[in-house]
Every structure is written in structure tokens, then in C-alpha cells.
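Topology and contacts: notes
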Amino acid sequence: QVQVVESGGGVVQAGGSLRLSCVASGRTFSSLGAAWFRQAPGKEREFVARITWGGNTYYDDSVKGRFTISRDNAKTTVYLQMNSLKPEDTAVYYCAPGRGADVAGYNLWGQGTQVTVSS
């Protein structure tokens, strides 16, 4: 059974950095791209960044220049390097294999990893 497991979240002060990891067991990201989404309390899940099967990357404007999505050569792990974190980045971060920036294009979710940025 395919599972997605995110890790790397934590509590960090504003301006700090975190690196999130996402592993898809039983399946790689080689046939699909992958994306990171986040969901803050009381808000809908929103797109953060994605990487295509071919390696192209796309970012939401709110994180452009601060976050970097990448993938290992075996295409089993997807990363999200987050720098210059802001309190508004606080959310549960989710990774999923799929295409596009619309959450409707993804149907395999992990448990998420909490990121808390203190001011």
C-alpha cells in the first residue's frame, strides 16, 4: 500500500529555516510530480510549491525566493527547504504525488508535519 510520510517540521523563530522531507513508500515520484501544500487553522489547504516529473519547479508567490522544492536522484524523496520563515508560514505542511497546483489534483496525503514560526 502506498503511503506518504512527511517529516522535518518544528518550532522556529522568524527568519529561521527548516527542511521538510516527504517519502512515498511503495511508489516513487518518478512517474508523477509532487507538491507541497499547507493548511493553517481555519483555512483551506493551499498550494506552496511543486516539482514536475521533468524537474521543473513552481512556487506560490508568497514563498517565491524563500522556499525551494527538490527531489533526490532516485525520486523517492521530495524536500522543501524553507528559509526566511515568517509567522504567516505557520501551518501543517502536506506532501502528495500528482500534477498541478490545484489540491483537487492530489488524492494521496500523509499525516502532515507541523511548522510553527514564532515572532
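Above this note sits the structure.
Described in the following lines is the structure provided in the data block. Please read all numbers here as calculations on a predicted model, not as lab measurements.

**Some details on the overall build of the protein**
Check the secondary structure of the protein and you find 0 helices and 10 strands. For the protein, the N- to C-terminal ordering of α and β elements is β-β-β-β-β-β-β-β-β-β. Expected size for 119 residues packed as a compact globule is a radius of gyration near 14 Å; at 13 Å, the protein falls within 12% of this value. Along the longest, intermediate and shortest principal axes, the C-alpha atoms of the protein span 40 × 25 × 20 Å. Taken over 119 residues, the protein has a buried fraction of 42%. Contacts spanning at least 24 positions in sequence make up 54% of the contacts within the protein whose residues lie at least 6 apart. Counting only carbon and sulfur atoms, one obtains 46% of the accessible surface of the protein, whose full area is about 6100 Å². Across the protein, the centroid of the 12 positively charged side chains sits 6 Å from that of the 9 negatively charged ones.

**Digging into the pattern of salt bridges**
Applying the stated rule across the entire model yields 4 salt bridges. Glu 46 serves as the salt-bridge partner of Arg 38, at 2.7 Å between the closest nitrogen and oxygen. Residue Arg 38 is classed as buried on the basis of its relative accessible area of 6%. Residue Glu 46 is classed as partly exposed on the basis of its relative accessible area of 38%.

**Some remarks on the packing of aromatic side chains**
Throughout the structure, instances matching the rule amount to 5 aromatic pairs. Look at Phe 37 and Tyr 106: their rings are 5.1 Å apart centre to centre, the planes differ by 70 degrees, and that puts the pair in the edge-to-face class. Of this pair, Phe 37 sits in strand β4 (residues 33–39) while Tyr 106 is found in the loop between β9 (91–98) and β10 (113–118), placing the two residues 69 residues apart along the sequence. Ring plane angle 50 degrees and centroid distance 6.3 Å describe the contact between Tyr 106 and Trp 109, whose orientation is recorded as tilted.

**Some details on the pairing of strand β1 (residues 3–7)**
Residues Val 4 and Glu 6 of β1 are buried on one face, while the alternating residues Gln 3, Val 5 and Ser 7, pointing to the opposite face, are not. For β1 and strand β3 (residues 18–25), the ladder comprises 5 bridges, and the chain directions are antiparallel. Bridge pairing in β3 links Ser 7 to Ser 21.

**Quick word on the sheet that holds strand β6 (residues 57–59)**
Spatially, 6 strands are ordered β2-β10-β9-β4-β5-β6 in an open sheet, and the strand pairing comes out mixed. The open sheet is flanked by β2 (10–13) and β6, the only strands paired with a single partner. Between one strand and the next, the sheet's axes are offset by a mean angle of 25 degrees, whatever the strand orientation. Examined bridge by bridge, β9 and β10 share 3 bridges and lie antiparallel to one another.

**Here we look at the state of the cysteines**
Taken as a whole and judged by the stated rule, the model has 1 disulfide. Note on cysteine connectivity: Cys 22 is disulfide-linked to Cys 95, with sulfurs 2.1 Å apart. Sign of the S-S torsion, about -80 degrees for the bond between Cys 22 and Cys 95, identifies this disulfide as left-handed. Here the residue Cys 22 occupies a position in strand β3, and Cys 95 occupies one in strand β9, the gap between them amounting to 73 residues.

**Here we look at the environment of Ala 35**
Along the chain, Ala 35 turns up in strand β4. Discounting residues that sit within four places of it in the chain, Ala 35 has contacts with Ala 49, Arg 50, Tyr 94, Cys 95, Ala 96 and Tyr 106.

Rules and cut-offs
Residues numbered from 1 in each chain as written. Predicted model: local features only at pLDDT ≥ 70, side-chain atom pairs only at ≥ 80, totals over all residues. Heavy atoms only, no water. Helix = DSSP H or I, 4+ residues; strand = E, 2+ residues; numbered from the N terminus. Rg over C-alpha atoms; globule rule 2.2 N^0.38 Å. Buried < 20%, exposed > 50% of the residue type's maximum accessible area, 1.4 Å probe, protein only. Contact = heavy atoms within 4.5 Å. Areas by Shrake-Rupley, 256 points an atom, 1.4 Å probe, with all protein chains shown as cover. Lys, Arg positive; Asp, Glu negative; His and termini not counted. Charge placed at Lys NZ, Arg CZ, Asp CG, Glu CD. Salt bridge = Lys/Arg side-chain N within 4 Å of Asp/Glu carboxyl O. Phe/Tyr/Trp six-rings, centres within 6.5 Å; stacked < 30°, edge-to-face > 60°. Pairing = 2+ DSSP bridges. Axes fitted to C-alpha atoms, helices over the stretch in contact; angles between N-to-C directions. Disulfide = S-S within 2.5 Å.

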